[in-house]
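Below, each chain spelled out in residue letters.
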Amino acid sequence: MDYNSAIERVYQHLEDDHVDKAVMTCLRISRNLNDYLYTAIFLREMYPVDRDFMRIIYDDTSHLKKDAQKFLYEQSVEYWIDSHSLGFSLETNEYGEDRNVLAIGVGEIKPELDQWERTIQDLVLPPSMGEYDTAAFTDRYTNQKAQIRLRIKALHTIKERIKTRCLNYAIRVERQLQAQRKSINFLEQIHNDVNNYFKAHSDDVYVKLQKAAQLIDSNDPEDLSFLLTEVRRAIKAAADFFYPPSISPVKCSDGIVRKLDDEEYLNRLQEYLWTTFRKSTSRDLLKADLDYLAVFARKLNDVASKGVHAEVSAQEAKQGLLGLYTFLFNVSYKLQEESG
């Protein structure tokens, strides 16, 4: 779905005073974004009868837990009441209580307004009416006109509230999309900088990063398992580049002697950070990135031990690659900053 075009249509519908079309377009946007709350809110504006609303919302929310479905139901009712409550009474019910909530679907507002305007125009004094007949006519229809105008006022009030809700939703989604585009551009810049750095400094790391990136858009379980394998290989290649394996035990910066051989690539990366970056702030930030990457790398080892067909989610695979790129970006950035 082209969200920008859809948002522009919402704005255009609102400018043209087509509130029903604005609600329908907002509903399409919310459904495509899996925004279940506003899907329920806009559906209820279209289908105020509870039976119709529940029948339609079920298709969108049947996979959610009962508590979530209950929350959406209650919140949509609250929003609907807020839009349809009036500061005056249209009439009284059989118990003498004021009725100040107007139940009407958004698609019914304009036709009813047009109908009432025509009705008022029809309530004109017929020509050649006698004095007494004129007084009787005026007395009979004055109250009726007042009730009609009160109803028209209620319809306009509700319509303006719904328009405001549509406008606010379109603005919120537009800002959300703008923020997402900025995030995507930032991530693309990170990937580009990391790839350029290792293209110039380590062909092995660069090639492994490219192999992983080629699989990132796939949702095939086997491809995702291969992606995790390539991420693991890229982490190890980066460790080999920054801190090559040592055959003999090494006395680390904390005074403890450790094996930093080929398999201990995470420990080698940590030792590299400790010995390369002396400033505590930079080192602590990089260590936090490495700690996150280490947790994920251990998961990768578990997956690798189960074989290439182990079940892996797309989210796990993408988190692993993103974590690696973030760590490598921060390390390469600090190296260039300190050398330049």
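Here goes a summary of the coordinates provided. (Residues numbered from 1 in each chain as written. Predicted model: local features only at pLDDT ≥ 70, side-chain atom pairs only at ≥ 80, totals over all residues. Heavy atoms only, no water.)

## Remarks on the overall build of the chain
Helix and strand counts for the chain come out as twelve helices and four strands. Among the 340 residues that make up the chain, the fraction classed as buried is 38%. The contacts in the chain between residues at least 6 apart in sequence include a share of 64% that link residues at least 24 apart. Working note: accessible area of the chain is about 20100 Å², and carbon and sulfur atoms make up 49% of it. (Helix = DSSP H or I, 4+ residues; strand = E, 2+ residues; numbered from the N terminus. Buried < 20%, exposed > 50% of the residue type's maximum accessible area, 1.4 Å probe, protein only. Contact = heavy atoms within 4.5 Å. Areas by Shrake-Rupley, 256 points an atom, 1.4 Å probe, with all protein chains shown as cover.)

## Structural notes on the packing of aromatic side chains
Applying the stated rule across the entire model yields twelve aromatic pairs. Aromatic side chains Tyr 38 and Phe 42 sit 5.8 Å apart centroid to centroid with 45° between the ring planes, which places their arrangement in the tilted category. On the criterion of helical spacing, the pair formed by Tyr 38 and Phe 42 is a turn pair, its members being four residues apart in helix H3 (residues 36-46). Accessibility classification places Tyr 38 together with Phe 42 in one group, the buried group. (Phe/Tyr/Trp six-rings, centres within 6.5 Å; stacked < 30°, edge-to-face > 60°.)

## Concerning the state of the cysteines
Inspection of the entire model under this criterion finds zero disulfides. Free cysteine: Cys 26, not disulfide-bonded; nearest cysteine sulfur from Cys 166 at 4.0 Å. Owing to a relative accessible area of 0%, Cys 26 belongs among the buried residues under this scheme. In this structure Cys 166 comes out as buried when scored by relative accessible area, which is 0%. (Disulfide = S-S within 2.5 Å.)

## A few points about the pattern of salt bridges
In the structure shown here, the tally under the stated rule is 19 salt bridges. In this structure, Lys 159 and Asp 17 form a salt bridge, with 2.8 Å as the shortest nitrogen-oxygen distance. Taken as a pair, Lys 159 in helix H7 (residues 131-201) and Asp 17 in the loop between helix H1 (3-15) and helix H2 (19-32) lie far apart in primary sequence, 142 residues in all. Since its relative accessible area comes to 33%, Asp 17 is described here as partly exposed. Where Lys 110 meets Asp 114, a salt bridge forms, and the shortest distance between an N and an O atom there is 3.1 Å. Residue Lys 110 and its partner Asp 114 are both found in helix H6 (residues 106-122); the two are separated by four residues, about one turn of the helix. Among the charged side chains, a salt-bridge network with shared partners connects Asp 17, Lys 159, Glu 160 and Lys 163. (Salt bridge = Lys/Arg side-chain N within 4 Å of Asp/Glu carboxyl O.)

## Points about the nonpolar core
Counting 42 residues, the largest nonpolar core has Ile 29, Phe 42, Leu 102, Ile 109, Ile 162 and Cys 166 as the members making the most contacts within it. Counting only elements with at least two residues in this core, the list comes to H1, H2, H3, helix H4 (50-61), H6 and H7. In this view, Phe 42 contacts Val 23, Cys 26, Leu 27, Ser 30, Arg 165, Cys 166 and Tyr 169; residues no more than four positions away in its chain are not counted. (Core = buried A, V, L, I, M, F, W, Y, C linked by side-chain atoms within 4.5 Å.)

## Side note on the packing of H3 against H4
Contact pair H3 / H4: the axes reach a minimum separation of 10 Å and the direction vectors enclose 155°. One finds that H3 runs roughly antiparallel with respect to H4. You can see that H3 and H4 cross each other, and the crossing is right-handed. On the side of H3, the interface is formed by Tyr 36, Thr 39, Ala 40, Leu 43 and Arg 44, while H4 contributes Asp 50, Phe 53, Ile 56, Ile 57, Asp 60 and Thr 61. Considered class by class, the residues forming the contact of H3 with H4 number six nonpolar, two polar and three charged. (Axes fitted to C-alpha atoms, helices over the stretch in contact; angles between N-to-C directions. Parallel < 35°, antiparallel > 145°, perpendicular 65-115°, else oblique. Left-handed = near helix turned anticlockwise from the far one by under 90°. Nonpolar A, V, L, I, M, F, W, Y, C, P; charged D, E, K, R; others polar.)

## Quick word on helix H8 (residues 203-213)
When we look at burial in H8, the residues that qualify are Val 205, Tyr 206, Leu 209 and Ala 212. Looking straight down H8, one finds its buried side chains confined to an arc of 125°; they lie on one side. (Arc of directions from axis to C-beta.)

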